[in-house]
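As a plain string of letters, each chain reads:
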Amino acid sequence: MSTTEADGRLETRIEADPALPTIVITREFNASLDRVFTAYTDPDLVVQWLGPRRLTMRIDEYDARSGGAYRYVHLEDDGTEYGFRGVFHEVRPQERIVQTFAYDGFPDSVSLEKAVFESLGGRTRVTTTSVMETVEARDAIIKSGMQDGLRQGYERLDELLAGREGGKGDHSTNSAEQLRTDGKGLNP
């Protein structure tokens, strides 16, 4: 499971069974189940942590409910865009999210993801299982460097949960101060 590393950061465990087209990601957060689940489902918060630090995020649609859909774009400083989209098949508050995930660069390759949220008494464990169409598709995702972006995103989420700005996301409508006072924020 996720543990605290020597430098105080939390570990992100990424596993890929050589025989299966899956990736299993396990991560613990020093925050309550409610706060972590909200950070996964509120687009005003998602934009602040999802993805690598070097990219800015724009959300075109993010309707985190069963039957809802999402589309977001990560942007490089030079204007290069990386678009992602999917459908939320099941959103069970404080329990799980089942969704599809597709990268615009490979529109014929769609994965199915299930994130399970587990309360650890003031901490939360999130275990995400992604199923791709083939082992080769899974291997291509791993070779793309997804681990670095994933780890940076989770570090940004740690910072957001702790009340600190998490990086390059579009913070124009959601300063850290607004997160503490608008009723939708993460601070107790």
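The present account deals with the structure reproduced in this document.

What counts as what
- Residues numbered from 1 in each chain as written.
- Predicted model: local features only at pLDDT ≥ 70, side-chain atom pairs only at ≥ 80, totals over all residues.
- Heavy atoms only, no water.
- Salt bridge = Lys/Arg side-chain N within 4 Å of Asp/Glu carboxyl O.
- Helix = DSSP H or I, 4+ residues; strand = E, 2+ residues; numbered from the N terminus.
- Buried < 20%, exposed > 50% of the residue type's maximum accessible area, 1.4 Å probe, protein only.
- Phe/Tyr/Trp six-rings, centres within 6.5 Å; stacked < 30°, edge-to-face > 60°.
- Pairing = 2+ DSSP bridges.
- Axes fitted to C-alpha atoms, helices over the stretch in contact; angles between N-to-C directions.

1. Some words on the pattern of salt bridges
Then comes step 1: Counted according to the given criterion, the structure contains 18 salt bridges.
Then comes step 2: Close ionic contact of Glu28 with Arg123 constitutes a salt bridge, the shortest N to O distance being 2.5 Å. Placement of the pair is Glu28 in strand S2 (residues 22-29) and Arg123 in the loop between strand S7 (110-119) and strand S8 (124-131), with a sequence separation of 95 residues.
Then comes step 3: Across the salt bridge formed by Asp104 and Arg85, the nearest N and O atoms sit 3.4 Å from each other. Of the two residues, Asp104 is situated in the loop between strand S6 (96-103) and S7 and Arg85 in strand S5 (residues 81-92); the sequence distance between them amounts to 19 residues.
Then comes step 4: Asp104 sits in the partly exposed class, given a relative accessible area of 30%.
Then comes step 5: Looking at Arg85, the relative accessible area reads 29%, which means it is partly exposed.
Then comes step 6: Three or more residues are tied together by salt bridges with common partners; here these are Arg58, Asp60, Arg71, Glu81, Arg85 and Asp104.

2. Some points on the packing of aromatic side chains
Then comes step 1: Applying the stated criterion to the full structure yields 13 aromatic pairs.
Then comes step 2: Measuring from centroid to centroid gives 4.9 Å for Phe37 and Phe117, while their planes differ by 70°, and the two rings are edge-to-face. With Phe37 in helix H1 (residues 33-41) and Phe117 in strand S7, this pair connects stretches of sequence that are 80 residues apart. One exposure class covers both Phe37 and Phe117, and it is buried.
Then comes step 3: With centroids separated by 5.1 Å and ring planes inclined at 55°, the aromatic side chains of Tyr40 and Trp49 adopt a geometry described as tilted. Here Tyr40 and Trp49 have matching classes, each one buried.
Then comes step 4: Taken together, the ring pairs in this structure connect Tyr62, Tyr70, Tyr72, Phe84, Phe88, Phe101, Tyr103 and Phe106 into an aromatic cluster.

3. Structural notes on the pairing of S7
The side chains of a regular strand alternate between the sheet's two faces.
Then comes step 1: Sheet topology note: the S6/S7 ladder contains seven bridges and is antiparallel. Residue pairing in the sheet places Ala102 in a bridge with Val110 of S7.
Then comes step 2: Connecting S6 to the antiparallel partner S7 that follows it, the hairpin turn spans six residues.
Then comes step 3: For S7 and S8, the ladder comprises eight bridges, and the chain directions are antiparallel. Within S8, the position partnered with Phe117 by the bridge is Val126.

4. Notes on the sheet that holds strand S4 (residues 69-75)
Then comes step 1: Taking strand neighbours across the sheet as the criterion, the eight strands line up as S1-S2-S8-S7-S6-S5-S4-S3 in an open arrangement whose pairing is antiparallel. Two strands close off the open sheet at either side, each with one partner strand: strand S1 (12-15) and strand S3 (56-62). For this sheet, the mean angle separating the axes of adjacent strands, direction not counted, is 20°.
Then comes step 2: Relative to S6, S5 is paired through six bridges, and the arrangement is antiparallel.

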